[in-house]
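The lines below spell out each chain.
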Amino acid sequence: MIDYTEKIPNNVDLGRDRVLQRALEHWQPAYLSWWYDMGPNESHNFEVYLRTATSVEPDGWAQFDYVKMPEYRWGIFLQPRDERRQVNFGMHKGQPAWQDVPGEYRSILRRIVVTQGDTEPASVEQQKMLGLSCPSLYDLRNIFQVNVEEGRHLWAMVYLLHRYFGRDGREEAESLLARRSGDTDNPRILGAFNEPTPDWLAFYMFTFFTDRDGKFQLCALAESGFDPLARTCRFMLTEEAHHMFVGESGVSRIIQRTCEVMKENKVDAPSDVRALGVIDLQTIQRYLNFHYSVTLDLYGSDVSSNAANYYTSGLKGRFRETKLEDDHTLQDAAYPVSEVVGNKINTKQVPALTALNERLRDDYIEEIQAGVNRWQRVIDEAGIPFRLTLPHKGFHREIGNFAGHFISLTGEILTEEQWKAHEFEWLPSPNDYKYVQSLMSGRVAELGKFANWIAPPVKGINGKPLDFQYVRFN
Ligand SMILES: [Fe+2]
Ligand SMILES: [Fe+2]
C-alpha cells in the first residue's frame, strides 16, 4: 500500500532514509512552484474529480474524489520487487537484476532517466492553455488527469535521480524544473516536446501519438536490468494507458461528429463541412500526418551505436523483451532499415543490435496502424468514402536516415521545391490552425454539454453519468 500520511506519499519506505527524504522534501516546493507557474492555467482553485493511486496492485489501485490539483498527492510508487528477477538480455543476461547503479553505467543511466523525465513536465507545459477552451467538463477533467499524472511521472524519475545518482542526480532534478517547452534558451530535450499543442485536436493527437511513444519507451525501460528503473516504469505504464485512451477516443469522437454532420447535411467538400462548425476529415488527416512524423523522430537514428550499447549493457530492452523468443543478445541477428540512395529508398540489413531504435519504432507503428484502423471504422460505418492513412515512414522526418530528404506522403523522393508546393496539402496550414482554434474559443462548462465539433463519449468516468460535475470551478 501507499503511505499517504507521509508528506511525500510513497511505497519505498522513504521514512527510513532521512537524507533522501530531506532532499526530496527540498525539491517538493520547487516542484509546486513549477506547477503553479506552468501547470494548467487558472486551475488552482478548481476541484477536479481525479483518480489517485492508492496501491500499486493491478486491481483497485486508484480511488476517485474531488481534489484541488496543487493538493494532488504526487508521490513515489514502484511495482513491488521480485527477488528472483534477473537481467534478461545483453552481456549480463542471467545475473541477478541490479538493485544499485553499476558504476560503469552511471552516466548512461542518468542520461536515460533525465531524457525520460524531461518529457513529463514538457507535456504539461505544452497543454497549459487548453483548459480555457475545453469542449466539456468531461474532457476538462481528462486533460487535468493526464496533467497530474505527467507530474507524477516527473516525480518517479526525480526519485531515481535523488536516490541513485547523488549530487549529479540532484542537479539534474533541478534542471528538469528549469527547462521550458519551446523556450529558445533552455528548451526541453526532445523535439516533439517543444512543439506547441495549440488546440484540442492537437491535444488528442498528441496523447494518441506522443504519449504512445512514452508507452514504448517505458516498456523498453521496464525491461531494464537496473531494477528500480524497471519497477518505476511498470507502474507508470498503468497511468499511461489512460492518456492514450483520452487521445484515441478524443480523435474518434471528433471523426464521429464530423461524419454525423456530413451525413445529416449531405455535404463532403471541406469548406461545406467547415461551414457547419465541425472539423473536415482532410484537416484531421493533416494533423495526423504532423503528429505521426514528429513522433517517429523521438525513436532516434535508424542505426545507432548508443542503442546497441544500451541493450548490450542490459539497460534498455526491446518491446516485450522477455516474451520474445531468441537469444536476447542479438549477436548474429540482422534487421532491415531504410535509406535514401540517389532518388530511391532502399532497404538493407544491418546488425540487429544497431537497429534497436528502428525496431522499437516499427513496433510502435504497428500499434498506431491498429488505432488508425479503428478510427477508419467510424468513417466506414457512416458510409463516407474517405480513407485515413499513415504517411510513409520517411515523410517529414528530421532524425535518422530520412533527415534532410524531401519525401512525399506516399514515399516519393522530391526536390525541396516540389515538396514545398504540397506542404499544406500534407501538413496543417496556418489557416487550418486558425479554423480549428476558431471552434475552440471558450470553455463549454454546462453539465452534460459538449461542443458542436465533438461527439459525447460512450460513457463517463468511473461509472458517473455524462452530466456529472467533473470539475467544480469555485
Ligand atoms: Fe508520462
Ligand atoms: Fe502520458
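In this report, the structure presented in the accompanying data block is examined. All of these numbers come straight from a predicted model, not from anything done at the bench.

About the criteria used
- Residues numbered from 1 in each chain as written.
- Chains lettered and ligands numbered in written order.
- Predicted model: local features only at pLDDT ≥ 70, side-chain atom pairs only at ≥ 80, totals over all residues.
- Heavy atoms only, no water.
- Helix = DSSP H or I, 4+ residues; strand = E, 2+ residues; numbered from the N terminus.
- Buried < 20%, exposed > 50% of the residue type's maximum accessible area, 1.4 Å probe, protein only.
- Contact = heavy atoms within 4.5 Å.
- Donors = N, O, S within 2.8 Å, 3.2 Å for Na, K, Ca; no water.
- Polar contact = N/O pair within 3.5 Å; in protein donor to acceptor, adjacent residues only side chain to side chain.
- Core = buried A, V, L, I, M, F, W, Y, C linked by side-chain atoms within 4.5 Å.
- Pairing = 2+ DSSP bridges.
- Tetrahedral: all angles 85-135°; square planar, octahedral: opposite > 155°, others 65-115°.
- Phe/Tyr/Trp six-rings, centres within 6.5 Å; stacked < 30°, edge-to-face > 60°.
- Lys NZ or Arg CZ within 6 Å of the ring centre and 35° of its normal.

Comments concerning the overall build of the protein
Right, so step 1: The helix and strand tally for the protein stands at twelve helices and seven strands.
Right, so step 2: Reported as C-alpha extents along the three principal axes, the dimensions of the protein are approximately 65 × 60 × 40 Å.
Right, so step 3: In the protein, which comprises 474 residues, the proportion classed as buried is 58%.
Right, so step 4: Long-range contacts, defined here as pairs at least 24 residues apart, represent 71% of the contacts in the protein between residues at least 6 apart.

Points about the coordination of the iron ion (ligand 1)
Under ideal tetrahedral coordination, the four donors around a metal are separated by 109.5 degrees; under ideal octahedral coordination, the six donors are separated by 90 or 180 degrees.
Right, so step 1: The coordination sphere of the iron ion (ligand 1), as far as protein atoms go, consists of Glu120 (OE), Glu150 (OE) and His153 (ND1), spread over 2.1 to 2.2 Å.
Right, so step 2: Mapped onto the sequence, the donors of the iron ion (ligand 1) take the spacing E-x29-E-x2-H.
Right, so step 3: Taken as an interatomic distance, the gap from the iron ion (ligand 1) to the iron ion (ligand 2) is 3.5 Å; Glu150 donates to each of them. With Glu150 and His153 both in helix H3 (residues 137-164) and three residues apart, this pair spans about one turn of that helix.
Right, so step 4: Classification of His153 by relative accessible area gives buried; the value is 0%.

Some thoughts on the side chain of Arg85
Right, so step 1: Its location among the elements puts Arg85 in the loop between strand S2 (62-68) and helix H2 (106-126).
Right, so step 2: Using a relative accessible area of 17% as the deciding quantity, one classes Arg85 as buried.
Right, so step 3: From its side chain, Arg85 meets the backbone oxygen of Glu223 in a polar contact 3.3 Å long.
Right, so step 4: Residues contacting Arg85, with those up to four places away along its chain left out, are Pro96, Ala97, Ala222, Glu223, Ser224, Asp227 and Ala230.

Thoughts on the nonpolar core
Right, so step 1: Core analysis: the biggest nonpolar cluster contains 116 residues, and Ile255 and Trp375 have the highest contact counts within it.
Right, so step 2: Sorting elements by how many residues they give to this core places H3 first, with 16 residues.
Right, so step 3: Not counting the four nearest positions on each side in its chain, Trp375 is found in contact with Met205, Phe208, Phe209, Glu248, Val251, Ser252, Ile255, Leu288 and Leu388.
Right, so step 4: If you look at the next biggest cluster of nonpolar residues, it comprises twelve residues, including Ala122, Phe290, Val294 and Phe395.

A short note on the sheet that holds strand S1 (residues 47-53)
Right, so step 1: Here three strands make up an open sheet; going across it, the order is S2-S1-S7 and the pairing antiparallel. Edge positions in the open sheet fall to S2 and strand S7 (471-472), since each of these has one partner strand only.
Right, so step 2: Bridge count for S1 against S7 is two bridges, and the pairing is antiparallel. Of the residues in S7, the one forming a bridge with Glu47 is Arg472.

Some words on the coordination of the iron ion (ligand 2)
Right, so step 1: With distances of 1.9 to 2.2 Å, the protein atoms coordinating the iron ion (ligand 2) are Glu150 (OE), Asp211 (OD), Glu240 (OE) and His243 (ND1).
Right, so step 2: For the iron ion (ligand 2), the four donor atoms are set out with angles of 90 to 174° between them, so the coordination reads as irregular.
Right, so step 3: Considered as a linear motif, the donors of the iron ion (ligand 2) on their single chain read E-x60-D-x28-E-x2-H.
Right, so step 4: Owing to a relative accessible area of 3%, Glu150 belongs among the buried residues under this scheme.

Topic: the packing of aromatic side chains
For any pair of aromatic rings, the description rests on two quantities: the centre-to-centre distance and the angle between the ring planes.
Right, so step 1: The full count for this structure, using the stated rule, is 39 aromatic pairs.
Right, so step 2: An angle of 90° between the planes, with centres 4.8 Å apart, marks the rings of Phe208 and Phe209 as edge-to-face. Neither residue differs from the other here; Phe208 and Phe209 are each classed as buried.
Right, so step 3: The rings of Trp27, Tyr31, Trp34, Trp35, Tyr72, Trp74 and Trp155 are connected pair by pair, giving a single aromatic cluster.
Right, so step 4: Across the ring face of Phe208, the terminal group of Arg212 is positioned such that the distance to the ring centre comes to 4.6 Å.
Right, so step 5: In this structure, Arg472 packs its charged tip against the face of Tyr66, placed 3.5 Å from the ring centre.

Re the pairing of S1
Right, so step 1: Among the seven residues of S1, six are classified as buried, and the element is accordingly described as predominantly covered.
Right, so step 2: Note: S1 against S2, seven bridges, orientation antiparallel. Bridge pairing links Ala53 to Ala62 in S2.

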